Structures are given as C-alpha cells and as structure tokens.
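One letter stands for each residue in the lines below.
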Number of protein chains: 2
Amino acid sequence: MKHTSIRLADGRELIYFDEADDAVRASVDQRDLAAPPAPTQLRRDPLTEEWVAIASSRQGRPLLPPTSECPLCPSKPDYFTEIPADDYDVVVFENRFPSFSTSAPIEPASDDYPSTRPGVGRCEVVCFTPDHESSFGRLSETRVRTVLAALAQRTAELSQVPGVEQVFCFENRGVEIGVTMHHPHGQIYAYPYVTPKTRQHLAAARRHHEATGRNLYADVLAAEIADGARVLARNDHWTAFVPAFARWPFEVHLAPHRQVPDLAALSDEEREAAAPLWLSLVRGFDALFDAPMPYIGAWHQAPVREDRELAYLHLQLFSIRRGPGKLKYLAGSESAMGAFVNDIPPEESASALRAAMQATLS
Amino acid sequence: MKHTSIRLADGRELIYFDEADDAVRASVDQRDLAAPPAPTQLRRDPLTEEWVAIASSRQGRPLLPPTSECPLCPSKPDYFTEIPADDYDVVVFENRFPSFSTSAPIEPASDDYPSTRPGVGRCEVVCFTPDHESSFGRLSETRVRTVLAALAQRTAELSQVPGVEQVFCFENRGVEIGVTMHHPHGQIYAYPYVTPKTRQHLAAARRHHEATGRNLYADVLAAEIADGARVLARNDHWTAFVPAFARWPFEVHLAPHRQVPDLAALSDEEREAAAPLWLSLVRGFDALFDAPMPYIGAWHQAPVREDRELAYLHLQLFSIRRGPGKLKYLAGSESAMGAFVNDIPPEESASALRAAMQATLS
C-alpha cells in the first residue's frame, strides 16, 4: 500500500491511500476556493465539566447535495470535487467545515465565565470508495483492509499533532442519523480534550483496576465469550458480541483478543483479521430489515497521552432502528437525564443479527 | 384546585387535577384491559457504571395513532380512552407501557455478569388539555399553573414511593424528537437510581462547593444575570437565559432565584410566577421558524434522598432544530463520545429567541 499527501487549493491536506504500490497522484486541485473558516471556540460547561465546541461556520455546510454535485466523488474534466483525481481507492482529507482546526492557536483556557479556548484539533473525511452508490457493507475485504490501514495511519499521525488529546474514527450512516453526504465515507475527529464518554470509561476502568488488578474491558470480553449467548462471530484475533448491557436497539462490539490502546497499535495480522468481521457485521445490519440500516460505527481508542493501558480498543457499531419503520429516539430520558431504555433485549438482537449475518453468506 | 384519584380497569392509577373545586369525577373505566406487562429489568453497564432498562414490552406500544384512536382524548359514549371522563383539565395516569413499575420487586442487584435488578419505579403520562389539536404553547396561563401544581404534587408523591431515587418531569414535543402521541402531554419518570446526568451535575457541584463553599448552579445563574447578554426574560422569582455553554442549537434555562431541590419545594408564589415565563419560552420556540418546534422540556430536580442542597431546580428547554428544514442530530461525536458541537453561538440563539418571544406578544 502506498500513501501520497497533496494540498488542496485552500491549503488543506489530502492523502491518497492506494492499493497499488505504483499509483501516481499528480492531479492538481484546480478550484478557486475561499479561505478556510475561522477556528471554532470551545466553551466549558461548568455543570458537567465538559467542553462544548461552538462552530458557527458549520451552519453553512452542504446538506444532502444531489449526486451530480457530490464533493466526495472523483473529479471529472467539467466538474471539480474535493478529490482532484479521476479515481481513487481510499482518500482522506481535512474537512472543509471542521469542528476543530490546527489553524487555532494553542492557548490555555480563560479564567472567566464561561471559560473558553480555541478549538484546536483536526477533522478529516475518509472516502471509502469512488462509487457514490456503494456503501461500507458492499466494499471488498481488500478495501476494508485499506480503510483500516488508513485509519491506523491517521491515528498515528494525528496523535502527534500539538494539542490533540484523542483520535476518534467513525462512520455515520443514513439520513436518520444525520448524514449530510450520501457518498460512502467515514470521519476522523482529533479532539483537543479527552471526550466525556472516554473519560467516563477510564474512570470506571481505573476503579476496576484498583479493585482487581485487571483490565475492565478485557473482563467484559472474557465474560461475554464464556457466556456465549450474545457472541456473533469470532476468529483468532477478534470477537464480535452484543453486550449484555446494550443500550441501543442493535448494538455490537468488535474487540481484539489482546489489549491495545488504538488502531495504530494493532499488528498487521490483527488488522488483517479485523476486516472480514467488521464487514460481516455491517452486512448483517443491512440484512436485518428491508431498508439500509442507519448506524454509527465508532472506534473507541485510548487518549493520546494518558491511561493508555486502562483503555481497550474496540468498535462499537449501533443503530437507532428498532424495527421496520420504527426508530429509537433520544428523547427526554436519554437526552436530558442520560437514562437509557432499550426496547430490545440484547439476547434477541443477538439472535436476529446472527440470522441476518448468516443470510448474507448464503 | 382539587385532585381526584381513581383506578383504571387494569388497576393503574389515574388522577384528575381540576381547576374547579367542585368537580365531580364519577366516570368508570368500562374497558376490558389486558393485565399490565411484566416489569422491566435493569442491567448494569460496567463500562460506564450506569443502569440500562431493558423494556421489551414497550416495543408493542402504539406509534402515532390516528386522531380518532387517540388514547389521551376524553372518552365518548362510543369510544373509550385512557381517560374515563368526557372532559378534563389536567389528568395524570400510570403509563400502560412503563419503563419502570411498582409491580417490580425491590431486590438488591445481582452479583453476576451482567449485574441485574428489577425495574422498580413508576412512569406517568400528564395530559395538558382535552383538546387534541392544541399544544403546550397554546395553553392558558391558568392551565400552565395547573400543570405545575400537578407536577409538584406528583413529585412529592412519587418521592415517597419505595425504591424511587429521582423524579423527572418532562415533555417530548414533535415527531422529530420521537413523540409517539400527538395529543399535548408530558411525562414523569420516577427512577430507581439517580440518573447519569444528575450524578454528573452533582459531582461537579460537590467539587465547586468544596472549593468555594457556594452552590454551582447559583453561581452560573448569577454570572448569566450579571452578564445579561443571553438573558431572555425575568420576573421577581425566575430568570430565563441561554447558557453561555449551550450544547443544543436552541437551549434555554428557566431557574428560580432561590435554591430549591424540586418543584414540590417551590412556594405558591414562586410556582405562580413560573407559569408566564415557561409559557412565553415555549411560545418563543414555536415562533422561531415556520413549523412547530420539536423540543424537550426537562425539569432538573434533586435526587429524592441525597444531595438535595447541592442540586438546584431548573427547567432545561432545548430543541434539535438548527434552522428551517435542518435538524441537529446526535451522530458519532455526540452519541458515541459525548462530545457536542453546537452550530449556533448562544448569543445568536438568545437574540433570535428574544425577537421571537417579542413577536408572540404583539
């Protein structure tokens, strides 16, 4: 695999990840682009002790443009997109409407009310395929390996960016989940703080480690494997399961058998082995109901600088669809109180997913 | 005001809150109802140390029934609803598809994986008006006072229910937020645990109190009043403001000037004074765009048994609408990492809301 970094017309970086080692990437961005938007501002919520990004420049971003105006398709002679080349395998580039940016100065938080600081960090878009009509579930295993290699490379690189504290690779899929571009793609957020959910996971993992000397997630994985009732698939390096405490109607974890902090820390063999399982889980999601499944695929990774031995890399793949024509909404109990009610017992969703995954093989 | 408690055909309690002190409530539920569903199960998520309710019985609940089959309208001679009477002011009854129930036994959590316990608690529906086509924003001030009196009475009562640790009064409004019934109504959840968000608020408030000796929310309110840039409305007892750290596109807090733990602890005068402000905020929300605003109205209350001096009652009213035809979705960053990005600066949303609230007065 080969990767080639170029600059777009407004200075943003774009990186081709090519499956052919002799790929040549000479196309130049011929657009006349406006300067990037001003950096965002972080404000501290004192009631939760969390940072909120105020990103007014994102209000103007394109919302579900027609296929003929898709900015993630390859460029054509009469139509220039974000990708200067006329074809690609996997391509990663800096988001034009970023929530965090390296153009923001690194400054300490202010002391006043509200405490603020510049939105340092970086947001990237990951195009999985030049085929606008495809989807993650229809990628080849080879392509999923290329995606994983790209995410691992980006995690390693972004971990070196000054001010970045955590790297998050994810896919939002489906208009029901808020996707603004139909073209198959994922995203990477390099945050200037450890995210609230990861902080919460680490606090629980720390208490567990102090009490038992063991890694919390490793214990959960071992318990799920020992029980087996919600295990969906396994190979030498990974196990996929519905956690017994799933909060989403359909929720799956894909975890390596070895504690690693992030995708960059996986061995080549482990990365190779992840691809077929990740793919079969997404294909199973899509086979559950008549329509393509709205979902979020979230790679939980350790912070860049701290608690790397407490964390445990895993993919959390979850959907808000709870049935044909029925969505789970985050209403008052979930959005205001953080209290989740799941209408589908994890054993039932595991059984439905196993059947759906089986159906995609036959 | 008068309240009258009756039992529905399946044993659930229903309470009429009548504005006329001489109201007579003699109607009997004539339906032949199936027995209530089995209680739910709580499962402990060890990764977050939170409880998740597994409520399979809720999968079968009605989803947006046609007006002619609305279970929240008053009964007619040829059509029986949840409310036996042919008219009402405000009525509260136990949810037929509850996430928590007093029929569940009170038992300690199990020790195994996952740790489980029965879903003790109570879920209630609060009908604001017999008029199916109305909405909270179109209620009279008198009616909003009756709603507040009902919520205060329910908070006091439910705080006495064995096993209940927190009472949450809220309104989900709009199909965009997942409402399954169009009839104007709110809900009350009496949880068997202190909710994750409230636990988080209390932890921050405790640290602030230890460091300063002061109440955290009171300090936020004082800072917002002193700044004034985001204050929307005030009277002798309450101030409404957009917090400087708002995480939702439109988010308003309505807070009393005196620290009280919950609605039940308000003086009559304070409760009276809350009604016009609450109403004008909702009317302002509805006047922002061409369409009725989807929103969540959430009364943050103290736990029943602990930390009642650290908490501070307030209404958090927020919407996922960020513009005409545009919604804010909780996608990967928010749903998986808890990291919020808000596209609308709080000063701008405050300014838009002030103008909208002004427009409803003229």
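Residues numbered from 1 in each chain as written. Chains lettered and ligands numbered in written order. Predicted model: local features only at pLDDT ≥ 70, side-chain atom pairs only at ≥ 80, totals over all residues.

**Brief notes about the overall build of chain A**
What counts is decided by this rule: Secondary structure counts use DSSP, requiring at least four H or I residues in a row for a helix and at least two E residues in a row for a strand, with both numbered from the N terminus. As defined in this context, the radius of gyration uses C-alpha atoms, and a globule is described by 2.2 Å times the residue total to the power 0.38. Counting other C-beta atoms within 10 Å of a residue's own tells you its class, since 20 or more makes it buried, 12 or fewer makes it exposed, and anything in between is partly exposed; those C-beta atoms are placed from the backbone. Any two residues are considered in contact once their C-beta atoms, placed from the backbone, lie within 7 Å.
Check the secondary structure of chain A and you find six helices and 17 strands. A compact globule built from 362 residues would reach a C-alpha radius of gyration of about 21 Å, and chain A, at 20 Å, matches this within 12%. The principal-axis extents of the C-alpha atoms in chain A amount to approximately 60 × 60 × 40 Å. Expressed as a percentage of the 362 residues in chain A, the buried residues total 53%. Residue pairs in contact within chain A that sit at least 24 positions apart in sequence constitute 67% of those at least 6 positions apart.

**Considerations on helix α2 (residues 196-212) of chain B**
Operational definition: Here the expected span of a helix is defined as 1.5 Å times the quantity of residues minus one. Here the arc refers to the directions that run from the helix axis out to each C-beta atom.
Compared with the 24 Å implied by 1.5 Å per residue over 17 residues, the 24 Å span of α2 of chain B between its first and last C-alpha is a close match. The set of residues buried in α2 of chain B consists of K197, T198, H201, A205 and H208 of chain B. Taken around the axis of α2 of chain B, the buried residues stretch over an arc of 90°, which confines them to a single face. Facing away from the buried surface of α2 of chain B by more than 90 degrees, the exposed residues are R207, E210 and A211 of chain B. Against α5 (332-337) of chain A together with β8 (166-173) and α3 (216-227) of chain B lie the buried residues of α2 of chain B. Residue G213 of chain B follows α2 of chain B closely and has a positive phi angle near 80°.

**Concerning the domain arrangement of chain A**
Residues and elements named next belong to chain A. Quick reminder of the rule: Boundary definitions for the domains trace back to an automatic or database domain assignment. Amino acids outside the nonpolar list (Ala, Val, Leu, Ile, Met, Phe, Trp, Tyr, Cys, Pro) and the charged list (Asp, Glu, Lys, Arg) are all regarded as polar, and Gly is one of them.
Domain assignment breaks chain A into domain 1 (2-196) and domain 2 (198-361). In this structure, domain 1 and domain 2 have C-alpha centres spaced 24 Å apart. In this assembly, 30 residues from domain 1 lie in contact with 31 residues from domain 2. Here the side of domain 1 that touches domain 2 gets nine residues from one element, more than from any other, and that element is helix α1 (residues 141-158). Considering only residue class, the side of domain 1 that touches domain 2 consists of 16 nonpolar, eight polar and six charged.

**Let's talk about the packing of helix α4 (residues 268-288) of chain A against helix α6 (residues 346-361) of chain A**
Residue and element names in this part refer to chain A. The condition that has to hold: Each axis is a line fitted through C-alpha atoms, taken for helices only over the stretch in contact, and angles between the N-to-C directions span 0 to 180 degrees. Convention used here: angles under 35 degrees read as roughly parallel, angles over 145 as roughly antiparallel, angles from 65 to 115 as roughly perpendicular, and any remaining angle as oblique.
Axis separation between α4 and α6 bottoms out at 8 Å; the angle between their running directions is 100°. On the basis of their axis angle, the class for α4 and α6 is roughly perpendicular. Facing S280, R283, G284, A287 and L288 of α4, the residues of α6 in contact are A352, L353, A356, M357, A359 and T360. Taken together, the residues of the contact of α4 with α6 sort by class into seven nonpolar, three polar and one charged.

**Concerning unusual backbone geometry**
Residues and elements named next belong to chain A. A cis amide bond links Y113 to the next residue, P114, at an omega of -10°. One non-glycine residue, D307, lies in positive phi territory at about 55°. Following the sequence through the fold, D307 ends up in the loop between β13 (295-300) and β14 (314-319). We classify D307 as partly exposed; it has 17 C-beta atoms within 10 Å.

**Overview of the sheet that holds strand β10 (residues 231-234) of chain B**
Hydrogen bonds along the backbone pair up the strands of a sheet, which may run parallel or antiparallel. Residues and elements named next belong to chain B. What counts here: DSSP bridges decide pairing: two strands pair if at least two such bridges lie between them.
Strand order in the open sheet formed by eleven strands is β1-β2-β5-β7-β9-β8-β13-β14-β12-β11-β10, and the pairing between neighbours is antiparallel. Edge positions in the sheet fall to β1 (2-7) and β10, since each has one partner strand and no second. In this sheet, adjacent strand axes meet at a mean angle of 20° when their direction is disregarded. Two strands pair when backbone bridges link them, and β1 and strand β2 (residues 13-18) are joined in this way by six bridges, in the antiparallel orientation. Note that in β2 the partner of I6 across the bridge is L14.

**Focus on the interface of chain B and chain A**
With 62 residues of chain B at the contact, the number on the chain A side is 62 residues. Per-element accounting of the side of chain B that touches chain A gives the leading share, six residues, to α2 of chain B. Of the strand pairs in this sheet, strand β17 (residues 341-342) of chain A and strand β4 (residues 50-54) of chain B are connected by two bridges, and their pairing is parallel. Opposite V341 of chain A, over in β4 of chain B, you have A53 of chain B as the bridge partner.

**Thoughts on the relation of the copies chain B and chain A**
Here is the rule: Least-squares superposition of the copies uses the C-alpha atoms of those residues scoring a pLDDT of at least 70 in each of them.
Each copy superposes on the other: chain B lies on chain A with an RMSD of 0.0 Å after a rotation of 180° and an axial shift of 0.0 Å. Expressed as a symmetry operation, the mapping of one chain copy onto the other fits a two-fold axis. Minimal C-alpha distance to the rotation axis in chain B is attained by L330 of chain B, lying at 4.2 Å. A shared interface surface links the copies, since 100% of the contact residues of chain B are contact residues in chain A too.

**Some words on the pairing of strand β9 (residues 185-191) of chain A**
All names here are of chain A. Summarising burial for β9: six of the seven residues are buried, a large majority. Inspection of the sheet shows strand β7 (residues 122-127) paired to β9 by six bridges, in the antiparallel sense. Looking at the pairing, C127 lines up with H185 of β9. As paired strands, strand β8 (residues 166-173) and β9 are joined by five bridges and run antiparallel to one another. Paired with V167 across the two strands is A190, which belongs to β9.

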